[in-house]
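The residues making up each chain are set out below.
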Amino acid sequence: MFSAQQSCWFVRKVICWRAVASIAWAVLLLPPITAVFLILSRFHLLHPIKATSECLSLLTSASAIFTLILLCGVILIVGFLNLEYYTVIPTIACSKIALLGQLIHPRQFVNALAHCMMGIIVAWCCAVTIGDRYETISYPCTQSDGSPQMYLNEHHLILLLSGAFVGFSHSLLGVIHNMNYVSFHTVQQYKYLRFKGSLPLVVKCSATEALYSVRNYIFVYFFLGYIPRAWICKTLNLHLNSSVQPLDSIAGLLDFSLLYHLWISALFLLFTWNITQLLFRIFVTEVYSFPVQPSFTEDAHQSLPKVLTDKQPMVLKFLALQDLALLSQHSPSRRCEVFSLSQPGGHPHNWNAISKVCLSLLADLTQRLVAYHDTVATNGRAKSLSTGSERKTSSETSVTSGTEDLMSPRPTLMLKTPASVFARSIVGGPQSPLTAPFTPDLDSPFASPALRRLTAPVEQCSPWFGTVQSPHIMRRAPKLWSTSTDSQANGSPQPSPASVPSPKQEPSKPSLLAQFLQNRKEQVKNFLAKRVLIMYLFNKLPEASSQALFADSQAHIWALEGLSYLVQASFSEDQFGVVQTTLPSILSCMLVLQEAVDRHFKLPHASSKPVRSTSSMGDSTHKTLRFALRATLKTAIYRITTTFGDHLNDVKMSAEHRKRLQQFLEYKE
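Residues numbered from 1 in each chain as written. Predicted model: local features only at pLDDT ≥ 70, side-chain atom pairs only at ≥ 80, totals over all residues. Heavy atoms only, no water.

Draft legend 1. Broad picture of the overall build of the protein. Scanning the protein from N- to C-terminus turns up 27 helices and 2 strands. Evaluated residue by residue, the protein yields a buried proportion of 49% over its 669 residues. Intrachain contacts of the protein at a sequence separation of at least 6 include 80% that bridge at least 24 residues. For the protein, the exposed surface amounts to about 32600 Å²; the carbon and sulfur share of it is 64%. (Helix = DSSP H or I, 4+ residues; strand = E, 2+ residues; numbered from the N terminus. Buried < 20%, exposed > 50% of the residue type's maximum accessible area, 1.4 Å probe, protein only. Contact = heavy atoms within 4.5 Å. Areas by Shrake-Rupley, 256 points an atom, 1.4 Å probe, with all protein chains shown as cover.)

Have a look at this one:
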């Protein structure tokens, strides 16, 4: 175990200060944004000079200063929620019921409640800033007998409730559109240029979301507006003015001035929150340079090889892999440190640590793809998940043997979508059921009976035992998964483990009670499977499984780029030949992954590109990560083959891999 000082040094020294800087810039931008909102809300076309002078005098008033202080407090809370809830791996729901589970999660409930409270505060500040009929919640009025009485100002109430509604809907949309996902840009830019380029998109998304939120809020208030109005009157001992048209009616809501002020207030609320969110993304994803060889021993835990190999927060892993990809392309001096030997001893510790982590990541993705295809075959027949969890298929066994020397320690970037990038838990834990990428869900109680008949466990005496149930896939299996450490050494493929007969086991006979419970369970499953609503909730979304499978592929993209560029540079910069010792493993790992990725894109919905949404602040780059990974993988192999050329014929590898590599050497792939 690592000390608390070493395990959280990056969060304490880098991430927290970056979050503080983003909040500080959001607070500095708040006065000009408020001034623009004041002008837009109080401007009159018939009296522009008078309206401008009123705005200038109001900006220097005590009420404006107080509202700015409250808005600064809201920005601080929004920044803290960004720091608490953001993640570098998106949470992808593979079914409607999984998405519903995310929406009603207690953590999300706290987030939604906080956004409602902040929405009310911002709406109150907007009401005070607009003034006129929105300024106070009550007003005095003299009755016919001369006694004063306090009446409810429904315009103020509808503006406050609109803030709560917009905050709540923004919180829900954040879960649906993965607004807590922080993506890393491929093209590196200065922070100012990124902010300037994203500002029009923030304005457009905020205006669009405000328009839809106000539309939905008007319908809700039309049917349910009397409930909060009666509760406020009873709580504050206020009365309703019968001479004033109530706003929960068609005539009351057809007030264009009211609709405009509702929309401009919602736009101001969402724009300030989205600006804070944008600044947080820009600052957190800023490139961080890790030293390859630290100058002092006490800073050894901050070096790039140590960060990559140790258990660290996911944001630290991603920034380290990003730094690896950048140094492999643009920093010859740091590449020399990677290729250097330790003194004394003369061992390439830096290269061994970096290459082992990258190869472990690629082998982990390959194993996930193998497990996915063992569950869903290309011809539609699937193997039971419970059967696949009890034994390894021939593909999994061969891949594990081929990368056995590279999988210690285990890879740290597993397919996991944590609720927070800064959670106390360490990566590598059990996979969340909400993001399991396997489809169809055969263990679900609502699986189709026809599909269960197709996915019955295979007999051990069957020739399909231990392999994918397709003759086409069985013929391709030696080409895909015949690699191992021994076969790479002698150049001959190792026989598939599926051909080795396994000892027969005596099946235990279940008891009568177990049979009775199993029959009842099947009856309930068959009954619920016929219900349309149940099937709608539990059916898998078309592309969600493929997206969840490649949710963390940005790490694999950087690993591929880092390895390929380092191997390319080693042709002229590696004085000691440290890269040549692992070149067979690198090529074999990439070729195996290439075959698995090509096989995955033959599945339905895997090759269809989703339409990117431009009306939401949610980042949709995770939906196209699988395409970026496929292009990066092919480019990485071509980068190596182009550099080394015919020298690769002397590299020891299996015959199948050599045949596949020849396709790249001849530019036929």
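Draft legend 2. Structural view of the packing of helix H15 (residues 349-375) against helix H24 (residues 553-573). The geometry of H15 relative to H24 is characterised by a closest axis approach of 10 Å and an angle of 135° between their N-to-C directions. When the axes of H15 and H24 are compared, the pair comes out oblique. When you trace H15 past H24, the crossing you get is left-handed. Residues Trp 351, Ser 355, Cys 358, Leu 359, Leu 361, Leu 362, Leu 365 and Arg 368 of H15 touch H24, and the partners they reach there are Ala 555, His 556, Ala 559, Leu 560, Leu 563, Leu 566 and Val 567. Residues of the contact of H15 with H24, tallied by class, amount to 12 nonpolar, 2 polar and 1 charged. (Axes fitted to C-alpha atoms, helices over the stretch in contact; angles between N-to-C directions. Parallel < 35°, antiparallel > 145°, perpendicular 65-115°, else oblique. Left-handed = near helix turned anticlockwise from the far one by under 90°. Nonpolar A, V, L, I, M, F, W, Y, C, P; charged D, E, K, R; others polar.)

Draft legend 3. Examining the pattern of salt bridges more closely. Enumeration over the complete set of coordinates arrives at 14 salt bridges. Here Asp 255 ties to Arg 133 by a salt bridge, and the two come within 3.1 Å at their closest N and O atoms. Separated by 122 residues along the polypeptide, Asp 255 in the loop between helix H10 (250-253) and helix H11 (256-284) and Arg 133 in the loop between helix H6 (106-130) and strand E1 (138-142) bring together distant segments of the chain. For Asp 255, a relative accessible area of 21% puts it in the partly exposed group. Arg 133 gets classed as partly exposed once you look at its relative accessible area, which sits at 27%. Across the pair Lys 668 and Glu 666 runs a salt bridge whose closest N-O atoms are separated by 3.1 Å. (Salt bridge = Lys/Arg side-chain N within 4 Å of Asp/Glu carboxyl O.)

Draft legend 4. Inspection of the nonpolar core at higher detail. Core analysis: the largest hydrophobic core is formed by 85 residues, its most contacted members being Phe 290, Leu 324, Trp 351 and Met 590. Setting aside chain neighbours within four positions, we find Met 590 in contact with Leu 560, Leu 563, Ser 564, Leu 633, Ala 636, Ile 637 and Ile 640. If you look at the next biggest cluster of nonpolar residues, it comprises 53 residues, including Ile 158, Phe 195, Tyr 221 and Met 617. (Core = buried A, V, L, I, M, F, W, Y, C linked by side-chain atoms within 4.5 Å.)

Draft legend 5. Expanded view of the confidence of the model for the protein. For the protein, mean pLDDT is 80; residues scoring 70 or higher make up 78% of the total. Every residue in residues 1-7 is under pLDDT 50, and counting partners more than four places away or in other chains gives 7 contacts. A low-confidence stretch, residues 378-502 (pLDDT under 50), is modelled with 255 contacts involving residues beyond four sequence positions or located in other chains. (pLDDT = per-residue confidence, 0-100.)

Draft legend 6. Spatial organisation of helix H3 (residues 48-59). Taking 1.5 Å per residue as the helical rise, H3 with its 12 residues ought to reach 16 Å, and the 17 Å between its terminal C-alpha atoms agrees with that figure. Along H3, the residues that are buried comprise Ala 51, Cys 55 and Leu 58. Along the axis of H3, the buried positions cluster into a sector of 70°, meaning they face one direction only. In H3, those exposed residues whose orientation departs by more than 90 degrees from the buried face are Ile 49, Lys 50 and Leu 56. (Expected span 1.5 Å × (residues − 1). Arc of directions from axis to C-beta.)

Draft legend 7. A look at the side chain of Asn 274. Residue placement: Asn 274 occurs in helix H11. When its relative accessible area of 0% is taken as the criterion, Asn 274 is described as buried. Polar contacts involving the side chain of Asn 274 include one to the side chain of Ser 206, which spans 2.9 Å. Residues in contact with Asn 274, not counting those within four places in the same chain, are His 170, Val 202, Ser 206 and Met 617. (Polar contact = N/O pair within 3.5 Å; in protein donor to acceptor, adjacent residues only side chain to side chain.)

Draft legend 8. Seen up close, the packing of helix H13 (residues 314-330) against helix H14 (residues 332-339). Interaxial distance between H13 and H14 falls to 7 Å at its minimum, and their mutual angle equals 110°. The angle between H13 and H14 places the two elements in the roughly perpendicular class. Across the interface between the two elements, Asp 323, Leu 327, Ser 328, Gln 329 and His 330 from H13 touch Pro 332, Arg 334, Arg 335 and Val 338 from H14. Partitioned by chemical class, the residues of the contact of H13 with H14 number 3 nonpolar, 3 polar and 3 charged.

Draft legend 9. Region of interest: a nonpolar patch on the surface. Taken together, the side chains of Phe 219, Val 220, Phe 222, Phe 223, Leu 224, Tyr 226, Ile 227, Ile 250 and Leu 254 make up a nonpolar region of the molecular surface, amounting to roughly 910 Å² of accessible area. Of all the elements in the fold, those that place two or more residues in the nonpolar patch are helix H8 (191-224) and helix H9 (226-236). The element best represented in the nonpolar patch is H8, accounting for 5 residues. Mapped onto the elements of the fold, Phe 219 is located in helix H8. (Patch = residues over 30% accessible without salt bridge, like charges linked within 9 Å, V, L, I, M, F, W, Y side chains within 5 Å.)

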